[in-house]
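Survey of secondary and tertiary structure
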Amino acid sequence: MLDKHLVMENFFTVLIHSIPTVYHSFSAPALQLVAACPSFRICPELSDPAWVSLGIQRALQESATGRAFLQTHGPYLDYCPNLSHYFHTLKSSRRLRLLQEVNQLLTRSLQEGLPDELARFPQLDNFDLYAGDGHWHQAASHDPIIDGKIYATGHFYALDLRRRTLTRLATAQGKKEHDIHALKRLTKEMLRQGAPVGRQVLYVWDKASIDFQFWHHLKTTAGIYFISLEKENMALEVMGHRAWDQADPINHGILQDELVGSSNGVLLRRVTCQAPDTGEIRVFLTTEMTLPPGLIAHLYHRRWRIEKVFDCLKNKLNEKKSWAASPTAKAAQAEFLCLTHNLIRRLEEELATQEGVINQPDYTRRSKRLAQQKAATQKAGRSWPSTWDTFQKPVQYSVKLIRWLRTSITSRLAWTTALPRLQALYSTL
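Attention in this report is confined to the structure presented alongside it.

Definitions and limits used
- Within each chain, residues carry numbers counting from 1 in the order of the written sequence.
- Whole-chain, interface and lining totals are the exception, using all residues; otherwise, since this is a predicted model, local features are given only for residues with pLDDT of at least 70 and side-chain atom pairs are given and counted only at 80 or more.
- Hydrogens are left out, water is left out, and the side-chain values use all remaining heavy atoms of the structure.
- DSSP-based pairing: two strands are paired if at least 2 bridges between them are found.
- Only DSSP runs of H or I reaching four residues or more are called helices, and only runs of E reaching two or more are called strands; each is numbered from the N terminus.
- Note on definitions: angles span 0 to 180 degrees between N-to-C directions of axes, and those axes are lines fitted to C-alpha atoms, for helices only across the stretch in contact.
- Think of a 1 Å grid over the protein atoms and nothing else: a 1.4 Å probe that fits but is trapped marks a cavity, an open set flanked by protein within 12 Å on at least five of seven lines marks a pocket, and residues with an atom within 4 Å of a point count as lining.
- Grid points are joined across faces, edges and corners, and a volume is the space filled by probe spheres set on the points.
- Each angle gets one of four labels, with under 35 degrees taken as roughly parallel, over 145 as roughly antiparallel, 65 to 115 as roughly perpendicular, and the rest as oblique.
- Note: crossing handedness is left-handed where the near helix turns anticlockwise from the far helix by less than a right angle, and right-handed where it turns clockwise.
- Should any heavy atoms of two residues lie within 4.5 Å, those residues are considered in contact.
- In this classification, Asp, Glu, Lys and Arg are treated as charged, Ala, Val, Leu, Ile, Met, Phe, Trp, Tyr, Cys and Pro as nonpolar, and every other residue, Gly included, as polar.
- To sort residues, take the accessible area from a 1.4 Å probe on protein chains only and compare it with the maximum for the residue type: under 20% means buried, over 50% means exposed, and anything in between is partly exposed.
- For the purpose of counting charges, residues Lys and Arg are taken to be positive, whereas Asp and Glu are taken to be negative. His and the chain ends are not included.
- For this document, the term salt bridge refers to a Lys or Arg side-chain nitrogen within 4 Å of an Asp or Glu carboxyl oxygen.
- Under the rule applied, a polar contact is a pair of N or O atoms within 3.5 Å (in protein, one hydrogen donor and one hydrogen acceptor; residues adjacent in sequence only if both atoms are side-chain atoms).

1. Focus: the sheet that holds strand E4 (residues 200–204)
Strand-to-strand pairing in sheets goes through backbone hydrogen bonds, with the strands running parallel or antiparallel. Spatial strand order, E3-E2-E1-E4-E5-E9-E8-E7-E6: nine strands in an open sheet with mixed pairing. Of all the strands in the sheet, just strand E3 (166–171) and strand E6 (237–241) have a single pairing partner and so form its edges. Between one strand and the next, the sheet's axes are offset by a mean angle of 30°, whatever the strand orientation. As defined by bridge partners, strand E7 (residues 254–261) adjoins strand E8 (residues 267–274) across seven bridges and the pair is classed as antiparallel. Within E8, the position partnered with Gln256 by the bridge is Thr272.

2. Considerations on the layout of surface pockets
Put simply, the largest pocket is a space of about 780 Å³. Gln104, Tyr130, Thr167, Gln193 and Gly194 are, among the 28 residues lining the largest pocket, the residues nearest its centre. Elements with a contribution of two residues or more to the lining of the largest pocket: helix H6 (93–113), strand E1 (127–137), strand E2 (153–160), E3 and helix H8 (188–192). Broken down by element, the residue count for the lining of the largest pocket peaks at six residues, all from H6.

3. Notes on the packing of helix H2 (residues 22–31) against helix H3 (residues 48–60)
Packing of H2 against H3 leaves a shortest axis separation of 11 Å and a crossing angle of 125°. Classed by the angle they form, the pair H2 and H3 counts as oblique. Crossing angle aside, the handedness with which H2 passes H3 is right-handed. Contacts from Tyr23, Phe26, Ser27 and Leu31 in H2 reach Pro49, Val52, Ser53, Ile56, Gln57 and Leu60 in H3. Of the residues belonging to the contact of H2 with H3, the class tally is seven nonpolar, three polar and no charged.

4. So, empty space enclosed by the protein
Counting across every chain of the model gives three cavities of 30 Å³ or more. Within this model, the largest cavity holds a volume of roughly 80 Å³. Lining of the largest cavity is provided by 15 residues; of these, His252, Ala297, His301, Pro385 and Trp388 occupy positions nearest its centre. Where the lining of the largest cavity is concerned, the elements lending two or more residues are E8 and helix H10 (293–301). The greatest single-element share of the lining of the largest cavity, amounting to four residues, is contributed by H10. Residues of the lining of the largest cavity, tallied by class, amount to eight nonpolar, seven polar and no charged.

5. Some words on the environment of Trp215
Secondary-structure assignment places Trp215 in helix H9 (residues 212–222). Considering only alpha carbons, one finds Trp215 and Leu90, 125 residues apart in sequence, at a separation of 35 Å. Setting aside anything within four residues of it in sequence, one finds Trp215 in contact with Ser209, Ile210, Ile224, Phe226, Ser228, Leu268, Leu285, Thr286 and Thr287.

6. Thoughts on the side chain of Asp179
If you trace the backbone, Asp179 turns up in helix H7 (residues 179–185). For the buried residue Asp179, which engages in no salt bridge, the nearest side chain bearing the opposite charge is Arg303, 7.4 Å off. A polar side-chain atom of Asp179 sits 2.9 Å from a polar atom in the side chain of Trp205. Apart from the residues lying within four places of it in its own chain, the contact partners of Asp179 are Asp133, Gly134, Phe156, Trp205, Asp206 and Ala208.

7. As for the side chain of Glu335
Position of Glu335 relative to the elements: it lies in helix H12 (residues 327–354). Classification of Glu335 as buried rests on a relative accessible area of 5%. Those residues within four positions of Glu335 in sequence are excluded, and the remaining contacts are Leu96, Leu99, Gln100, Asn103 and Arg168.

8. Re the pairing of E4
Within E4, five of the five residues are buried, leaving the element largely enclosed by the surrounding structure. Burial along E4 is two-sided: Gln200, Leu202 and Val204 and Val201 and Tyr203, pointing in opposite directions, are all buried. Pairing between E1 and E4: five bridges, direction parallel. Note on E4: the bridge partner recorded for Asp128 is Val201. Both E4 and strand E5 (residues 224–229) contribute to a ladder of four bridges, which runs parallel. By the bridge assignment, Val204 is partnered in E5 with Ile227.

Structure representation (structure tokens):
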């Protein structure tokens, strides 16, 4: 019987060809975890690490179908199955579990390897913080017809607001499942995402997550909190006003911090704030009662980062259509997108901190945008919240990086050969 460590050793020997290629540097942090997963098995025809590698490359490359991917990129792959076997493995529930385990292990390792973008706020030290939302794309070519229509495929994701790693929470069921219905299907353990006992978990979600009794139940039984926007037609009764430190720059722009009651008897917190540059008024609802109101507003402002991730998946990775019709294959695709996003996030950080390669034009554009916002704030006579200074870094990977990755992988470029090419790309506007 083959030893799993021998399988991994043989796989990496073929993968790297004795040269540290871009693809090896990019994918190795995930592929090295495969043998540590409980669902790992010996599969001589298409090994588990080769299957994970195949999925990462499918997520990266611009191929509208599985057939197009294998025909176009098969000659450059170290392991290329035939078409029927490829789609058969996508339907494997065992391989889906393996992929989920790889994602969990990688995300855990990145908690130490990526910087904490909210570390400057000690008030958040005991919180795991996520932006949650659903993302939809075109149905697979052979998806079933329901009531005369073919419905889009949806998944619900959570983005870690500290390190910007992505996790799939659930795959939508039925015609077009609503966010709150999907959330209610998840167990408390799933929503806590491995947080230890005593640690608080906070989700920032749009209005589709609002169900006050559900929020209250999660708060009191599982230490899970929500922040969302108030709906226009809500009739909430003011129960009291909370004092806040108006001199603290964190709270600049806060107009009110209230306790309000819903018609079903749930006590909520309502925070009203004004954007410093535009003067736009936004009203937030939350079950969290201890954080400064400026941080409640700031966390919701960070929610748009998950929208930027979805934009990257759709328009930069060109993932606009389901890979296959089976629910297992759809879930595997979403897991591969999470894995690929997280690997790109790690690569970005490695390039910046270890190689000194950053996308300077993006930083320049973001700095100009912040300067314009500060000028508008000053002109309007409003105070600048210190939390807004944390928006200085670009929050999505560039198309230049994706193109460089694709070209370097297809050409099997060595890391030392490809790196100067990326540096040259980043130096041009």
